[in-house]
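Residue strings, one per chain:
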Amino acid sequence: MNILQRAFYEREDVVLIAQELLGKMLFTQFNNTITGGIIIETEAYAGITDRASHAFGNKRTFRTEVMYSKGGTAYIYLCYGVHSLFNVVTNKKDIPDAVLIRAIKPIIGVDSMLQRSGKKTVDKEFGTGPGRVSKILGIHFSFTGFDLTVKPSKTAEEGIWLEDNRINILPEKILKGPRVGVDYAGKDALRLYRFRTII
DNA sequence: CATAGGATCGCCT
DNA sequence: GGCGATCCTATGT
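I will try to describe carefully the structure that is included in this document. (Residues numbered from 1 in each chain as written. Chains lettered and ligands numbered in written order. Predicted model: local features only at pLDDT ≥ 70, side-chain atom pairs only at ≥ 80, totals over all residues. Heavy atoms only, no water.)

1. Topic: the protein's contact with DNA strand C
Within the structure, DNA strand C sits among Thr61, Arg63, Leu78, Tyr80, Gly81 and Val82. Backbone atoms, meaning sugar and phosphate, form 78% of the atoms of DNA strand C found within 4 Å of the protein. Within the backbone of Tyr80, an N or O atom sits 2.4 Å from a base oxygen of DNA strand C. Broken down by class, the residue content of the surface near DNA strand C amounts to three nonpolar, two polar and one charged. (Near = heavy atom within 4 Å. Polar contact = N/O pair within 3.5 Å; in protein donor to acceptor, adjacent residues only side chain to side chain. Nonpolar A, V, L, I, M, F, W, Y, C, P; charged D, E, K, R; others polar.)

Take a look at the structure:
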């Protein structure tokens, strides 16, 4: 059982965790269908001091409350009224750090993922972009708050979890850049909190 | 109650 | 490469 444990998520350094999530497997199980892929792009959101974070200034609202859960919880919200964006909550309870999963390399259940996307074949964009990641994995914003440290039983209706399949990404293979779509964050928009790797 | 804006995507030109 | 979709959230009156 290689499922990522609570201790992995509850560490303090969200920027480090965002990089370590590269190469990990992200799975979903909905209605007896398991789909999953290798995480290849992430962004770190550093809690209350990061203007790009929804929790900047310790803003606790109905939406952001999930970010204050213990590490290993799913924070999923609706973006532009259309896309469910999937984040992994990190750090201890009441510290609202999170990592946005921006891209995966689809591996398990590719047919099901194609079906969800409405595509016939795998193209270059398949699995890239946070909206598409959720779409092909069947993740809906109503699943926010899910515990990511529990692997569902075979008969369970739904579950989201991550596994370590011992893919090791060397630090020099990690590309760093500014986060996407956070121009409003002033100088925090310049932080190099976006991480990508080529697999 | 009314309004503005968003951690995006896909289609159109 | 430009733009519309689409609806939740936060804020203000």
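Here the narrative resumes, following the displayed structure.
2. A word on the protein's contact with DNA strand B
In the vicinity of DNA strand B, 20 residues are found, and the nearest of them are Tyr77, His83, Asn87, Arg132 and Tyr184. Among atoms of DNA strand B positioned within 4 Å of the protein, sugar and phosphate together represent 53%. Contact distances for DNA strand B include 2.6 Å between a base nitrogen and a side-chain N or O atom of Asn87. Among the elements of the structure, β4 (83-90), β5 (97-108) and α4 (130-137) are those that each provide at least two residues to the surface near DNA strand B. Residues belonging to the surface near DNA strand B are distributed by class as follows: 11 nonpolar, seven polar and two charged. (Helix = DSSP H or I, 4+ residues; strand = E, 2+ residues; numbered from the N terminus.)

3. Brief notes about the packing of aromatic side chains
Remark: the centre distance and the inter-plane angle together describe each pair of aromatic rings, the angle taken between the planes. Applying the stated criterion to the full structure yields five aromatic pairs. With a centroid separation of 5.3 Å and 15° between ring planes, the pair formed by Phe27 and Trp161 is classed as stacked. Residue Phe27 is located in strand β1 (residues 25-30), and its partner Trp161 is located in strand β6 (residues 158-163); the two are separated by 134 residues in the primary sequence. Each member of the pair, Phe27 together with Trp161, is buried. A connected cluster of aromatic rings, assembled from ring pairs, spans Phe30, Phe143 and Phe146. (Phe/Tyr/Trp six-rings, centres within 6.5 Å; stacked < 30°, edge-to-face > 60°. Buried < 20%, exposed > 50% of the residue type's maximum accessible area, 1.4 Å probe, protein only.)

4. Quick notes on the environment of Glu12
Locating Glu12 in the fold gives a position in the loop between α1 (6-9) and α2 (14-20). Separated by 78 residues in the primary sequence, Glu12 and Thr90 have C-alpha atoms spaced 7.6 Å apart. Excluding anything up to four places from it in sequence, Glu12 contacts Asn91 and Asp97. (Contact = heavy atoms within 4.5 Å.)

5. Some remarks on unusual backbone geometry
Even without a glycine there, the phi angle at Tyr80 is positive, about 55°. One non-glycine residue, Arg166, lies in the positive phi region at around 65°. One can find Arg166 in the loop between β6 and β7 (175-177).

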